[in-house]
Amino acid sequence: RQGKLFVAECSRQFGKTTWCAIKDVEKALTKSKAKIRVGTAFLTDLEQFIIPAFEFILEDCPMELRPKWNSQKYSYTFPSTGAEIRLVGLDRKPNGLRGNKLDQIDLQEAGFISNLRHLYQYVLVPATTHVPDATILMSSTQPDSPDHDFNSFCDEAIELGSYIQLDVHQNPLLSEADIGRLAREVGGEDSIAFKREYLCKRVVDVERAIVPEFSKGLIEERLPSEFDQFYHRYLWMDMGVQKDLTVILFVLYDFRQAYAYVEDEIVIRGPTVTTKKIADAIRQKQTEREPYKKTYRNIADNSHPLLLN
């Protein structure tokens, strides 16, 4: 693999949690004073499947190598190397993965961790800056939405040669009869549940999507028209704070077709977002797209009147 990132996209009950826990224990036993973090979206995940996985791995561990469990810190300390594995439920401790220097970071069910891209850029990468052999593991089944950050990390890892996908047909513990039974129990081979949970397919749940008929294949570029100078242009803004996106859309209304075209967008998020940064980004886009310097109307929700002013 290239770089520190490794992504494993697996079907349910493939053993990814156990495999990642083994890699964490191996690092702790082979690197002196290694600092390892295991992160999950929810604290309950640690109690229900992460800690049992570590207990299973360590049940036959020789006493001289067996780590000490601290139930207050949710950590394993290895006396033979001085290494530590700390478990973090990000819903209770959103900053729990921060550290001056981390040797390995293991994100379990990363497809269900919110703000995964922000976490990676602002927490994980800085924490491994001075550790050349550091590893950032991401493992998950497919998230509920194909637009989740996890899928973008899958795409990046594929290009880096740091990705593996294991669907239900590659599970050596299941026969074809077992797979057929699972498919029937979740609604059939064509069901969203089977495609997502067992075949690692990126599918949109039409019962949950706001616009279920939308797909990237429907996107098309609008050709310039001799009437462009007469069309109204709008700025539409939905404001977020740290966790939510602030999105500004640059929209042209073509009255001849009665269509509104989204021609550009600004998407920003995080604690560094300020009113000045938003305003500067809009001005820059307006410079790039000259007609938007004179918009017909600017539209936004009114939950932040000071920001709007």
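Residues numbered from 1 in each chain as written. Predicted model: local features only at pLDDT ≥ 70, side-chain atom pairs only at ≥ 80, totals over all residues. Heavy atoms only, no water.

All right, on to helix α4 (residues 149-160) then. Residues separated by three or four positions in an α-helix point in the same direction, a consequence of the helix having 3.6 residues per turn. Here α4 spans 17 Å end to end across 12 residues, near enough to the 16 Å set by a 1.5 Å rise per residue. Burial in α4 covers these residues: F150, N151, F153, C154 and A157. Around the axis of α4, the buried residues are gathered within 155° of arc, so they sit on the same side. Structurally, α4 contributes buried residues whose contacts are with β1 (5-10), α3 (116-127), β7 (135-140) and β8 (163-166). Where α4 ends, the next residue or the one after it, G161, has phi of about 70°, a positive value. (Helix = DSSP H or I, 4+ residues; strand = E, 2+ residues; numbered from the N terminus. Expected span 1.5 Å × (residues − 1). Buried < 20%, exposed > 50% of the residue type's maximum accessible area, 1.4 Å probe, protein only. Arc of directions from axis to C-beta. Contact = heavy atoms within 4.5 Å.)

Further remarks concern the sheet that holds strand β11 (residues 259-268). With respect to topology, four strands assemble into an open sheet ordered β11-β10-β9-β12, the strand pairing being mixed. On the outer flanks of this sheet lie β11 and β12 (297-300), each paired with one strand and no other. On average, adjacent strands in this sheet sit at an angle of 20° to one another, irrespective of strand direction. (Pairing = 2+ DSSP bridges. Axes fitted to C-alpha atoms, helices over the stretch in contact; angles between N-to-C directions.)

It is worth spelling out the nonpolar core at this point. By size, the foremost hydrophobic cluster in this structure holds 23 residues, and its most contacted members are V7, L97, L107, L116, L119, L124 and M138. Of all the secondary structure elements, the ones that give two or more residues to this core are β1, β6 (104-108), α3, β7 and α4. Broken down by element, this core gets its largest block of residues, six residues, from α3. Ranked by size, the runner-up nonpolar core spans 19 residues in total, among them A28, I50, I51 and I85. (Core = buried A, V, L, I, M, F, W, Y, C linked by side-chain atoms within 4.5 Å.)

The angle between the axes and the distance between the axes are what describe a pair of packed helices. Where helix α1 (residues 16-30) meets helix α2 (residues 43-58), the axes come as close as 9 Å, and the angle between the chain directions of the two elements is 60°. One way to sum up the angle between α1 and α2 is to call them oblique. Like other packed secondary-structure pairs, α1 and α2 cross with a definite hand, here right-handed. Contact residues: T17, T18, A21, I22, D24 and V25 in α1; F49, I50, A53, F54, F56, I57 and L58 in α2. Grouping the amino acids of the contact of α1 with α2 by side-chain chemistry returns 10 nonpolar, two polar and one charged. (Parallel < 35°, antiparallel > 145°, perpendicular 65-115°, else oblique. Left-handed = near helix turned anticlockwise from the far one by under 90°. Nonpolar A, V, L, I, M, F, W, Y, C, P; charged D, E, K, R; others polar.)

We now examine the state of the cysteines. For the coordinates displayed, the defined rule picks out zero disulfides. With no disulfide of its own, C10 lies closest to C200 among cysteine sulfurs, the gap being 6.6 Å. The class for C10 is buried, based on a relative accessible area of 4%. The thiol of C154 is not disulfide-bonded; the next cysteine sulfur, from C200, is found 8.9 Å away. (Disulfide = S-S within 2.5 Å.)

The full count for this structure, using the stated rule, is 11 aromatic pairs. Between the aromatic rings of F54 and Y76, the centroid separation amounts to 5.3 Å while the plane-to-plane angle is 35°, which identifies the pairing as tilted. Of this pair, F54 sits in helix α2 while Y76 sits in strand β4 (residues 75-78), placing them 22 residues apart in sequence. The pair F54 / Y76 is uniform in exposure class, with both members buried. One aromatic cluster is present, built from ring pairs that chain together F54, W69, Y74 and Y76. (Phe/Tyr/Trp six-rings, centres within 6.5 Å; stacked < 30°, edge-to-face > 60°.)

For the rest of this paragraph, the subject is the sheet that holds β8. If you walk across this open sheet you meet the eight strands as β3-β4-β5-β2-β6-β7-β1-β8, and the pairing is mixed. This sheet does not close on itself; its edge strands, each paired only once, are β3 (68-70) and β8. Here the average twist between neighbouring strands, direction ignored, is 15°. Pairing geometry for β3 and β4, over three bridges, is antiparallel. Bridge assignment links N70 to a residue of β4, and that residue is S75. Lying over the sheet, α4 contacts β1, β7 and β8, oriented at roughly 115° with respect to β1.

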